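# Descriptive analysis of the structure
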Amino acid sequence: MKLINNEKQKKAKRYFFSKLYFETFASLTAVVLLFLLLTPYAQNLQRNLFSAIELPLILRSIYFAAVFLLMKILTFVFSYFEGFRTEHKFGFSKQTFGKWACDYIKSFFVSLVIGLIAINVFYYLIGISENLWWLWTSVFIFIFTSLLQRLAPVLLIPIFYRLEPVEDDDLKQSLICMAAKAGTKIVEILKIFLGDKTKKPNAAVTGLGKTRRMLLGDTLIENYEPGEIQAVMAHELSHSMRSHIPKLLFIDGFISLVSLYILFRAFPLISRVLQVGQVDIVYSLPAVMLFLGILNFIFKPFALMLSRSFEKQADRDAVELSGMPEKFISVMTSFANDYLSYAAPPKMIKWLYYTHPPVEERILRAQSAPENP
Ligand SMILES: [Zn+2]
């Protein structure tokens, strides 16, 4: 059996940390920007700059778009190093800068549209319900993210990736068979062209209900044998069989409910200290974003822990559904050796950043799984 290669793990550690540093710099830059926007000088400047706009809807939209654009400009260099340079340096991407930049701009606009909808609904709800806006906003976030989850396979993914039906009949048959065993109805099995952007393999069962699709990266189909692909898809099927996506949506919904309630209670004090006006004043938006960002950071380890426990369950099912622990282990080993997954990070790193259990844990667990007959 192939084992995790120590030399490659040294490289994996460098890869992990170089990406982490750039991400952290980007977050810190955003925090500094939001703080600067809250200084009295900047507040005056903003009020003067936007004073001609009278309609609240337009003012809020333009103000949010301006802050968001400024943030993207200031953090661009870190995104470039994290998403482009590092990927090239470690040999995972051959994408040209032009194509990468095009994706970057597309994702900017997708986030901007989502942000604009969210921000306007937020202020609308504050306007109609002074004391319960935090509750209605979290209900809205829950419905909106569920809708996005449902629409992503048909609306968002095609913006970034080419999709095509999988042609290999044997593979398709084995996947349909496994899906039936898992009790999951799959609408379509599609090949997603990740290869233009990255060498890394990936797969997913996306969407809810009528939009549920199995997506297999071309990078997965081309570099792994059928048994290995089945083991990966069995893991993905487990997520859908155990309704992990709706469960995560509920957990996120609960976290946003708690966060918004804390914001509701704390904001009168925050606005007094920072002298930026109440929560319904658009110029206090940087304080709202900053505070929610901090709460998100605090709640993240809890959300990650739940995500890792779902992943652990899906790994267990993957071994059972596919009946091939050795294939699952060989995929995991390949993630560590060929795609530099940092297999045994310090506990702190795992708690703060890992959505999945580290590869070493996943392999050890699969090795100790009871053998299938
Ligand atoms: Zn998973």
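Above this text sits the structure in question.
Described in the following lines is the structure provided in the data block. (Residues numbered from 1 in each chain as written. Predicted model: local features only at pLDDT ≥ 70, side-chain atom pairs only at ≥ 80, totals over all residues.)

Where helix 1 (residues 6-37) contacts helix 11 (residues 285-322), the axes come no closer than 8 Å and their chain directions differ by 145°. The way helix 1 lies across helix 11 gives a crossing that is left-handed. Contacts from V31, L34 and L37 of helix 1 reach helix 11 at P286, M289 and L290. Among the residues making up the contact of helix 1 with helix 11, the classes are represented as 6 nonpolar, no polar and no charged. (Axes fitted to C-alpha atoms, helices over the stretch in contact; angles between N-to-C directions. Helix = DSSP H or I, 4+ residues; strand = E, 2+ residues; numbered from the N terminus. Left-handed = near helix turned anticlockwise from the far one by under 90°. Contact = placed C-beta atoms within 7 Å. Nonpolar A, V, L, I, M, F, W, Y, C, P; charged D, E, K, R; others polar.)

Let us look at the pairing of strand 4 (residues 213-217). Two faces, one strand: in a regular strand the side chains alternate between the faces of the sheet. Burial of strand 4 is extensive: 4 of the 5 residues sit out of reach of the surface. For strand 3 (residues 203-206) and strand 4, the ladder comprises 4 bridges, and the chain directions are antiparallel. Of the residues in strand 4, the one forming a bridge with A204 is L215. Count of turn residues in the strand 3/strand 4 antiparallel hairpin: 6 residues, of which G207 carries a positive phi of about 80°. (Buried ≥ 20, exposed ≤ 12 C-beta atoms within 10 Å, placed from the backbone. Pairing = 2+ DSSP bridges.)

Counting through the fold element by element, V331 comes out in helix 12 (residues 325-338). Judged by C-beta crowding, with 25 C-beta atoms within 10 Å, V331 ranks as buried. For the pair V331 and I229, spaced 102 residues apart in the sequence, the C-alpha separation amounts to 8.5 Å. Beyond its immediate stretch of four places on either side in the chain, V331 contacts Y224, E228, A231 and V232.

Right, let's talk about helix 7 (residues 169-181) for a bit. Over its 13 residues, helix 7 extends 18 Å from the first C-alpha to the last, a length consistent with the 18 Å expected when each residue adds 1.5 Å. Among all positions of helix 7, only L175, M178 and A179 are buried. One face of helix 7 carries all of its buried residues, which in axial projection span an arc of 100°. For helix 7, the exposed residues lying more than 90 degrees away from the buried face are D169, D170, Q173, C177 and A180. Tucked inside the fold, the buried residues of helix 7 contact strand 2 (188-192), strand 4, helix 9 (226-241) and helix 11. Positive phi appears at G183, one or two residues downstream of helix 7, with a value of about 70°. (Expected span 1.5 Å × (residues − 1). Arc of directions from axis to C-beta.)

This part takes up the sheet that holds strand 3. The strand order across the open sheet built from 4 strands is 1-2-4-3, with neighbouring strands paired in mixed fashion. The open sheet has two edge strands with one neighbour each: strand 1 (163-165) and strand 3. Strand-to-strand twist across the sheet, computed as the mean angle between neighbouring axes with direction ignored, equals 30°. As paired elements, strand 2 and strand 4 share 5 bridges and run parallel to each other. Across the sheet, the residue bridging to L190 is L215, located in strand 4.

Turning next to the packing of helix 7 against helix 9. At a closest axis distance of 10 Å, the pairing of helix 7 and helix 9 adopts a crossing angle of 35°. Here helix 7 runs over helix 9; the crossing is right-handed. Listed contacts from helix 9 to D170, L171, S174, L175, M178 and A179 of helix 7 are P226, I229, Q230, M233, A234 and L237. Residues belonging to the contact of helix 7 with helix 9 are distributed by class as follows: 9 nonpolar, 2 polar and 1 charged.

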